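# Structural overview for review
One letter stands for each residue in the lines below.
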Amino acid sequence: MSPQAVRPATPAASPTAAATSVPAAAPVAVAVGASTAQAAITAPAAITAPVTTVAPAVPAVTVSVATSATATGVNTVPAPTMTAGATLAAVTTTAAPTAFAPVEPTRTAGAAHGTDAPGTTARTGTARTTLAPATPTPAAAPPTAAAPHTPAVTDSEGQFGPTAALPGLPQALTTRARTLAGAVRRRCADLARIESPSGDAPRLDALAEELAAGFRATGATVQREPGPAGDHLVLQWEGRDESLPHLLVVGHHDTVWPAGILTDWPVTEQDGTLSGPGVVDMKGGLAILEGAFALLADLGQRPHRTVRLVVVSDEEVGSPDGKRLVERQLRDAAAVLGLEPPHPDGRLKTARRGSTRVRLTVTGREAHAGNDAADGVSAVDELVDQLVAVRGLVSFPGTELNAGRISGGSRANVVAGRAEAELGLRFSTTEAQRRTLDNLARLTALRPGARVRTEVLSSRPAWPERSANPLLRHVRSLAAVLGQQLDGGPAGGAGDTNLPGSRGLPTLDGFGAVGGGAHARHEHIRIDQLAPRIALLAALLAVPLPRLRDRSEG
């Protein structure tokens, strides 16, 4: 199914209707505009209410902030009209610059935020919709007064609180994130309906085009990088302070699921979860990031510093080509964030084991299995014996071996002349990784006439846990200001954050959708956790980073 289009609706002064969940192909109510053909949020007039923000590491600060009247439930949202063909997008609003009080503009049909020029087109499935730039109209109500100045507070280490320079931001982000959650949920479902198995370049390129359209609508510049198994994306959003080192975000749009999987496993919403191939790894993370940028645009804000996003098409097979793009963007990066799913309980990932994919190929000699079996050398028999031997070589603590794929032979009456296995190895330390790979490289045939070859297909270094983690401390503080409890811990899997983490760059992963079942038939995301994740990412983009290392600024 193609993503859904949203037609902008004219804001009404009357109370808004609640959005309801309906099949993706039918018109539905949406919480915010959707991106390839964007939309506006319809909201009641802004009201002013005192807000008290409390964080464990940051003393409470009371500010007066104007917010739009918004229901607390994820599914209770203002409802523009949705028609087939669009994605999620940012909305232009008129906002008080310090109090973060978004006031809804009046839009003409087809208006959208983030387009480059009148007549810009954005892809929706196979069709294109012409978008016209929005021209916000001041609201009829008198402008809401900015929040009074509140002195910035410091945390226990004498650092300024994470949102001290942006009074009113936490409440504005939390409120708007709830409004956006429904659209992000639908965006995730739409992306999951575009199948994108690793190695399938046409399908990956179709999804890359859809992602590019959605992110472009939130203000990104987009560059497509050709790859042997599908295009990668490199995107950039300008920050308020262009002199600062950029923030790097890494993600991927390939999945482990084969084409056609949707036939017997469709995307389904049930009991507070959204399930389907690729929803948690990692189309949910991509949709959440798009929602975070849409949220900032809705509030009239830009990221504090330049943000670059690399979306590779081959992460699930070790990023053999995409790795070069990630490495290219590491230079001068202030920090690196990953969009992989967090731990099932929502904790971020602060370290990862190293991983290596190895192909073990055995060559034998074919012969008739009945008449001339003695003349043959079975590659399959040799491979089986080699796998038993390999098990004994993988003995270092924290090292695991998975024989993920085995093939060989041609017929039952032919002695197999060739066989191979693809092995997945995980390592807790770089030393264990080096010694294990050295052992595999020295494998020799166990029977005369057979040949054994070991080939490393992809490799990621171990990203070790570090005792001091100022980036995690900063994110925890932000989460507390937003009313969330968050922590982090090491993860068993590997990803594109292994590279910066192994080099000592400030790195955190797990900013994607909260859920579980990655690479399994019960893959799912928790719908009630979308809004907190949108707000957290938007806050992390908007506020200044603390000093994370000697050469980092801001």
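Anyway, here's the lowdown on the structure attached to this text. (Residues numbered from 1 in each chain as written. Predicted model: local features only at pLDDT ≥ 70, side-chain atom pairs only at ≥ 80, totals over all residues. Heavy atoms only, no water.)

## Topic: the overall build of the protein chain
Rules: The helix count covers DSSP runs of H or I at least four residues long, the strand count covers runs of E at least two residues long, and both are numbered beginning at the N terminus. Think of it in three bands: residues with accessible area under 20% of the maximum for their type are buried, residues over 50% are exposed, and the middle band is partly exposed, with areas taken using a 1.4 Å probe on protein chains only.
Check the secondary structure of the protein chain and you find 9 helices and 25 strands. Across the 554 residues in the protein chain, those meeting the buried criterion constitute 56%.

## Things to note about the sheet that holds strand S16 (residues 335-338)
Hydrogen bonds along the backbone pair up the strands of a sheet, which may run parallel or antiparallel. Here is the rule: A pair of strands is considered paired only if DSSP assigns at least 2 bridges between the two. Contacts between residues were defined by any pair of non-hydrogen atoms, one from each residue, lying within 4.5 Å. Angles here are taken between N-to-C directions and fall from 0 to 180 degrees, while the axes themselves are lines fitted to C-alpha atoms, restricted in helices to the stretch in contact.
Taken together, 6 strands build an open sheet; the order of strands is S10-S11-S15-S12-S16-S23 and the sheet is mixed. Each of the sheet's edge strands pairs with one partner strand only, and the pair in question is strand S10 (221-225) and strand S23 (507-508). In terms of strand pairing, strand S11 (residues 232-237) meets strand S15 (residues 307-312) through 5 bridges, oriented antiparallel. Across the sheet, Gln 236 pairs through a bridge with Arg 308, a residue of S15. Contacts from helix H3 (residues 279-298) reach S11, strand S12 (247-252) and S15 within the one sheet, and its direction differs from that of S12 by about 140°.

## Brief notes about the pairing of strand S20 (residues 418-427)
The element S20 is largely enclosed, with a buried count of 7 among its 10 residues. Pairing geometry for strand S18 (residues 354-363) and S20, over 10 bridges, is antiparallel. Looking across to S20, one finds that Thr 363 is bridged to Arg 418. Note that strand S19 (residues 400-408) and S20 share 8 bridges and pair antiparallel. Within the sheet, the bridge partner assigned to Asn 402 lies in S20 and is Gly 424.

## A few points about the pairing of S10
One ladder, built from 5 bridges, connects S10 with S11; its direction is antiparallel. Paired with Thr 221 across the bridge in S11 is Gln 236. Counted between consecutive antiparallel strands, the loop separating S10 from S11 contains 6 residues, among which Gly 230 sits at a positive phi close to 130°.

## Here we look at the sheet that holds S19
Ordered by their spatial adjacency, 4 strands build an open sheet running S19-S20-S18-S21, and the pairing between neighbours is antiparallel. Edge positions in the sheet fall to S19 and strand S21 (451-460), since each has one partner strand and no second. Each strand axis lies, on average, 20° off the axis of its neighbour in the sheet, ignoring direction.

## Thoughts on empty space enclosed by the protein
Note the following rule: Buriedness of a pocket was judged along seven lines, with at least five required to meet protein on both sides within 12 Å; pockets are open sets of points on a 1 Å grid over the protein atoms alone, cavities are sets where a 1.4 Å probe fits but cannot get out, and lining residues have an atom within 4 Å of a point. Grid points are joined across faces, edges and corners, and a volume is the space filled by probe spheres set on the points. Under this grouping Gly is polar, as are all residues other than the nonpolar Ala, Val, Leu, Ile, Met, Phe, Trp, Tyr, Cys and Pro and the charged Asp, Glu, Lys and Arg.
One pass over the full model with this rule turns up 8 cavities of 30 Å³ or more. Every residue lining the second largest cavity is listed: Gly 318, Ser 319, Lys 323, Val 326, Ser 459, Arg 460, Pro 461, Gly 495, Asp 496 and Leu 499. Looking at the lining of the second largest cavity, the elements that each hand over two or more residues are helix H4 (323-330) and S21. A per-class count over the lining of the second largest cavity returns 3 nonpolar, 4 polar and 3 charged.

## Focus: the environment of Arg 302
Residue position: Arg 302 is located in the loop between H3 and S15. Along the sequence, Arg 302 and Glu 238 sit 64 residues apart, while their C-alpha atoms lie 7.3 Å from each other. Beyond its immediate stretch of four places on either side in the chain, Arg 302 contacts Glu 238, Gly 239 and Arg 240.

## With respect to the layout of surface pockets
Of the volumes computed, that of the largest pocket is approximately 1000 Å³. Forming the boundary of the largest pocket are 41 residues, of which Val 256, Glu 316, Arg 426, Ala 494 and His 519 lie nearest the centre. Going through the elements one at a time, H3, strand S17 (348-352), S18, S19, S20, S21 and strand S24 (515-516) are the ones with two or more residues in the lining of the largest pocket. Its residues placed into classes, the lining of the largest pocket shows 12 nonpolar, 17 polar and 12 charged.

## Regarding the packing of aromatic side chains
Heads up, the rule is: For Phe, Tyr and Trp, rings pair up if their centres lie within 6.5 Å, where Trp contributes its six-membered ring, and each pair is then called stacked (planes under 30 degrees apart), edge-to-face (over 60) or tilted (otherwise).
Tallied over the full model, the rule gives 3 aromatic pairs. Between Phe 215 and Trp 237, the aromatic rings sit 5.7 Å apart at their centres with planes inclined by 85°, giving edge-to-face as the arrangement. Remark: Trp 237 occurs in strand S11 and Phe 215 occurs in helix H2 (residues 201-217); sequence separation between them is 22 residues. With respect to burial, Phe 215 and Trp 237 carry one shared label: buried. Taken together, the ring pairs in this structure connect Phe 215, Trp 237 and Phe 293 into an aromatic cluster.

## Things to note about the nonpolar core
The condition is simple: For the purposes of this section, nonpolar cores are sets of buried Ala, Val, Leu, Ile, Met, Phe, Trp, Tyr and Cys residues that join through side-chain atoms within 4.5 Å.
Ranked by size, the top nonpolar core spans 75 residues in total, and within it Leu 173, Leu 289, Leu 309, Leu 339, Val 475 and Phe 511 carry the most contacts. Residues in contact with Leu 339, not counting those within four places in the same chain, are Val 249, Val 250, Met 282, Gly 285, Leu 286, Leu 289, Leu 309, Asp 509, Phe 511, Gly 512 and Leu 537. By size, the runner-up hydrophobic cluster in this structure holds 17 residues, among which are Val 358, Leu 401, Leu 443 and Val 452.

## Quick notes on helix H9 (residues 530-542)
Rules: To estimate the expected span of a helix, count its residues, drop one, and scale the result by 1.5 Å.
For H9, which comprises 13 residues, the first-to-last C-alpha distance of 18 Å matches the rise-based estimate of 18 Å (1.5 Å per residue) to within 8%. With 12 of 13 residues buried, H9 lies mostly within the body of the structure.

## Concerning the side chain of Gln 433
Position of Gln 433 among the secondary structure elements: in helix H6 (residues 430-441). With relative accessibility at 6%, the residue Gln 433 sits in the buried group. Gln 433 has contacts with Gly 354, Ser 355, Thr 356, Phe 427, Ser 459, Arg 460, Pro 461 and Ala 462, leaving out every residue within four places of it along the chain.

## Notes on unusual backbone geometry
For the bond from Asp 281 to Met 282, the omega torsion is -10°, close enough to zero to count as cis. Structurally, the position occupied by Met 282 is in helix H3. Residues other than glycine seldom take positive phi values, yet Asp 271 does so here, at roughly 55°. Of note, Asp 271 is situated in the loop between strand S13 (268-270) and strand S14 (273-275). Of note in the backbone geometry, His 519 takes a positive phi value of approximately 70° without being a glycine. As for its placement among the helices and strands, His 519 is situated in the loop between S24 and strand S25 (524-526). For His 519, a relative accessible area of 44% translates into the label partly exposed.

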